[in-house]
Amino acid sequence: MGDKMNKNIKKILIIILVIILAIILYAVINKAYTAKIKEKVNDVSWLRKNVKISEDYSIGSSILSVNKISDIDVYSDAYQKVINEKIEELKDKTYDFEDPLLIYNAYGTNKSGINMYFNTNEESYVTYTITAEDKDIKDYTKTLYNGGENNLTKNHEYQITGLVAGEMQTIKFKLYNKDNKVIETNTINVFMPETSVDIKLDVKNGKSKSKLEDGLYAVLGHDKNFNSNIYLYDNDGILRSEIPLNSYRTDRIIKINDNLLYSYTKRDFALVNRLGKVIKTYKIDGYYMHHDFIYDDNTNNLIILANKDDANTIEDRVITLNLDTGKTKEIINMQDFAKDFYDTAVAPEDGNTYGGNELDWVHLNSLSINGNDIVLSSREFSTIFCISDFYNNPTLEYVIGDPSIYEGTSLESYALKKQGDFISQAGQHTITYLFDESLGAGRYYLIMFNNNYAGSRTRPDFNWEPFVGAGDYNNGDASKYYKYLVDENNKTFTLVDSFDLDYSSIVSSVEQLDKNLVSSSGMDNSFSEYDSNHVLIRKFNYSSKKYAYRVFKYNFNSFWYY
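As a convention, each chain's residues are numbered from 1 in the sequence order in which they are written. For this predicted model, a pLDDT threshold of at least 70 governs which residues receive local features, and a threshold of 80 or more governs which side-chain atom pairs are given and counted, while totals over whole chains, interfaces and linings are taken from all residues. Hydrogens are left out, water is left out, and the side-chain values use all remaining heavy atoms of the structure.

Student: Help me understand the pairing of strand S19 (residues 317-322), please; the structure alone is not making it clear to me.
Tutor: Each regular strand shows side chains that alternate between the opposite faces of the sheet. With six of its six residues buried, S19 lies for the most part within the structure. Between buried and exposed lies partly exposed: a residue is buried under 20% and exposed over 50% of the maximum accessible area for its type, with that area taken using a 1.4 Å probe on protein chains only. Think of it this way: any DSSP run of H or I at least four residues long counts as a helix, any run of E at least two long counts as a strand, and we number them from the N terminus. The alternating pattern of S19 places Arg317, Ile319 and Leu321 and Val318, Thr320 and Asn322 on opposite faces, both of which are buried. Across six bridges, strand S18 (residues 301-308) lies against S19 in antiparallel orientation. Note that in S19 the partner of isoleucine 303 across the bridge is threonine 320. Pairing analysis gives five bridges linking S19 to strand S20 (residues 328-333), with the strands arranged antiparallel. What sits directly across from leucine 321, in S20, is threonine 328. Two strands qualify as a pair provided DSSP detects at least 2 bridges between them. Hairpin connection, S19 to S20: the antiparallel pair is bridged by five residues, and glycine 326 has positive phi, about 80 degrees.

Student: Please explain the sheet that holds strand S9 (residues 202-205) as it appears in this structure.
Tutor: Neighbouring strands of a sheet are bound in pairs by backbone hydrogen bonds; such pairs are parallel or else antiparallel. Taken in spatial order, the five strands make up an open sheet running S9-S33-S32-S31-S30, and their pairing is antiparallel. Strands at the two margins of the open sheet, each flanked by one partner only, are S9 and strand S30 (509-512). Adjacent strand axes in the sheet meet at a mean angle of 15 degrees when their direction is disregarded. Where S30 lies against strand S31 (residues 517-521), four bridges are found, and the strand directions are antiparallel. Bridge pairing links valine 510 to serine 519 in S31. In this description, a line fitted to the C-alpha atoms serves as the axis of each element, helices being fitted only across the stretch in contact, and the angle between N-to-C directions of two axes falls anywhere from 0 to 180 degrees.

Student: What is the right way to look at unusual backbone geometry in this model?
Tutor: Peptide bonds are mostly trans, and most non-glycine residues show a negative phi. One non-glycine residue, asparagine 151, adopts positive backbone phi at about 60 degrees. Note that asparagine 151 resides in the loop between strand S5 (140-143) and strand S6 (153-160). Since its relative accessible area comes to 2%, asparagine 151 is described here as buried. A positive phi is found at asparagine 300, a non-glycine position, where the angle reads about 55 degrees. The residue asparagine 300 is located in the loop between strand S17 (287-296) and S18 in this model. Residue class for asparagine 300 comes out buried when judged on its relative accessible area of 16%.

Student: Where do I start with the environment of tyrosine 107 in this structure?
Tutor: Within the secondary structure, tyrosine 107 is located in the loop between strand S3 (101-104) and strand S4 (114-132). Look at tyrosine 107 and you get buried, because its relative accessible area is 4%. Here the alpha-carbon distance between tyrosine 107 and threonine 187, two residues 80 residues apart in the chain, equals 23 Å. Here a residue-residue contact requires only that any non-hydrogen atoms of the pair lie within 4.5 Å. With residues up to four places along the chain from it excluded, the contact list for tyrosine 107 reads Val74, Tyr79, Gln80, Ile83, Asn84, Ile87, Asn115, Tyr117, Leu275, Gly276 and Lys277. Side chain to side chain, tyrosine 107 and asparagine 84 meet in a polar contact 2.7 Å long. In protein, a polar contact means a hydrogen-donor-capable atom and an acceptor-capable atom, both N or O and within 3.5 Å, with residues adjacent in sequence counting only if both atoms are side-chain atoms; elsewhere, any N or O pair within 3.5 Å suffices.

Shape descriptors only; they carry no functional weight alone.
Rendered as structure tokens:
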């Protein structure tokens, strides 16, 4: 009995040992493989041999697809050079409208896109309609943008977007002449590969009968448990495009001339044209981004909320990345403007919210600019900072928040006076300037997602009594849309508009469109569009283990669509 038991124990130990050795061997092989891919990613000769474009019958009989090792970084200069060479070689052959060159996800930057190339004898333009086999999915019709005068050209190059993942569908193309008459039609069948997120969102209509504004909702930072790709949903909650990122969400999509710019890692941005080709990439030097960035077209600078490498604090600096020179420059360190708040901050015993030991004492989470002035949102002490001459000589002009925050501190003399009886913002996100010339100089509107969240991890003794109705991390009655009238002349701020939003203690966003307003409540796993009277038009719910960081809406006109 004892010998048999000992033999069984030995067998178990041997099995365990084999498993451990297999795990170690796998780790070593995987590490070597990853190192090899990283080594080869910039090897143009190797890429030319290992990247091919060939027919892919799983997508469609007339559609080509790119074959490559999945771990290759499609944003690398070498990869874009090689894939562009191969596409140009294919374009050497003459293609017409009836038999165009079609390549699925040609440049690797749109998992729901097909590039289309052909020539015509006369100047013309193209419309298309996508019809899914699933009858619950409405048709998707667009006019393609080709960049020519009056959108007319003989040399047609497009990226077809709006295809639905995991669906069999037909695309019907119509070719129009300059007199807007259909001169030819063509239809192809397509099956799009599956994806890991919701294809159809849960949609609920509100009481408003107003129209939703044209565009696609960009769900940004969808859950830390998925790749934080860009997911674009239409007005019916159907996923119409997926833009892959490498290892970090983007906080915005910015249109610069005829291209789109977004981040794809914590240190890298890509400038991408309407065909999906990466025109240029930019790398932050010595810093990595968090929460937000914006574009200043007057200086061709990105203004970025950033962490400094190897610093003992996080989320307290602002840098610029100049798109002409590619150079990074730190322009703001919040310790210069709220030193006593930094000195009195308490490091949480369990570290910051990211698991590190760096002190997250101010937690900047959004920014907006007005000429030479910048406003910065601090979640950690529910304050909005206005800093002037931020490029050359950053100077604190004023702070906006409940007066109780600043009593007895260095910021007390900078606090604007609250005009009226209202509860100040708490834990706000996406602060944004709104300009109205009728207000006159020194007066402007500021909108925000007021999370209405009573939370400050580095200030455990923070007095939340003035913030009546504010919730905690998991529960709250409502977050709010807030619109302040800021009067720099009289040094006041007034709440001129507000309404309740689905509660979200952290993350989230509001965005003013032409007439409507889009709001995202991250912890509620929802986003909504409201009419000009703040009546709900439509609400969308998505599946998520955590949340999406924010949602903005883009129409992609003069890019994909005309």
